[in-house]
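One letter stands for each residue in the lines below.
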Amino acid sequence: MISSRRRAVVFPQAEHARFAGTLALAWRDRPALPFASFVRGVADHDRGYGEFDNDELGAIESAPWVAIQRRGFTPQGEDAVVDLVTAMHVRRLLSSKDDEHERAAFAEVDGLLPSLLAAAGVTAEDAEAADRITNLCDRIALLFCLEERAEGEVRGHAYEVDGLGTVTIDPWPLELPRLVGLVTGYAAETYPERLAPIVTPFAALPR
């Protein structure tokens, strides 16, 4: 889960990932992957956590965090493109190889990639290009849930998050002039035993 730094609200990883998928769905220059499967892969990129996780980002220790990532990159076999998109994302997360747990898991997912690419019928170059989109969508969705002002750049796209629901991106990558929607968080005091939804609007627009 991701804890807001502005108020007593938490966002499950699954909800954060769905927001990332919403951004991917509106992408203008589509990657060379079956698009519906790509979008589902972005929306499922943190699937190892489950629906209402209680593993706080930044606080969970390495071994259980890596176990979550293993659940994420293990192929489910339902859609090879979804499995590939998820594995590419997890491989990027593990690429820092900060300890023995991350190094071992990185070797596993890296060794898995050739079979995932073959099953999906996708080249390594096209998969990397798609992962650049996943990376930007994931970063924006994460910072949105932290609810504090932040800015940065991912592979040529500058972004700014104001911490209050507005995201700007330059150059503008979406096919719509602006994108609005809702992200559901939950009151931190009772999560996850009792789910008290707190719906937060977002607006993404050109910088």
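No experiment lies behind these values; they were computed from the predicted model shown.

Caption draft 1: Layout of the pattern of salt bridges. On inspection of all chains with the given rule, the structure shows 16 salt bridges. Note that R5 and E148 form a salt bridge whose closest N and O atoms lie 2.6 Å from each other. With a gap of 143 residues between them, R5 in the loop between β1 (2-3) and β2 (9-11) and E148 in the loop between α6 (124-146) and β3 (150-154) connect regions that are remote in the sequence. What you see here is one network of salt bridges that share partners, running through R149, E151, E160 and R207.

Caption draft 2: Expanded view of the packing of aromatic side chains. In total, this model carries six aromatic pairs according to the counting rule given. When the centroid spacing of 5.0 Å and the interplanar angle of 65° are considered together, the rings of F19 and F144 count as edge-to-face. One end of the pair, F19, is in helix α1 (residues 13-25); the other, F144, is in helix α6, and 125 residues separate them in sequence. For F19, a relative accessible area of 3% corresponds to the buried category. By way of ring pairs, the aromatic residues F19, F144 and F202 are connected into one cluster. Residue placement shows R30 over the ring face of F35; its charged tip is 3.8 Å from the ring centre.

About the thresholds
- Residues numbered from 1 in each chain as written.
- Predicted model: local features only at pLDDT ≥ 70, side-chain atom pairs only at ≥ 80, totals over all residues.
- Heavy atoms only, no water.
- Salt bridge = Lys/Arg side-chain N within 4 Å of Asp/Glu carboxyl O.
- Helix = DSSP H or I, 4+ residues; strand = E, 2+ residues; numbered from the N terminus.
- Phe/Tyr/Trp six-rings, centres within 6.5 Å; stacked < 30°, edge-to-face > 60°.
- Buried < 20%, exposed > 50% of the residue type's maximum accessible area, 1.4 Å probe, protein only.
- Lys NZ or Arg CZ within 6 Å of the ring centre and 35° of its normal.

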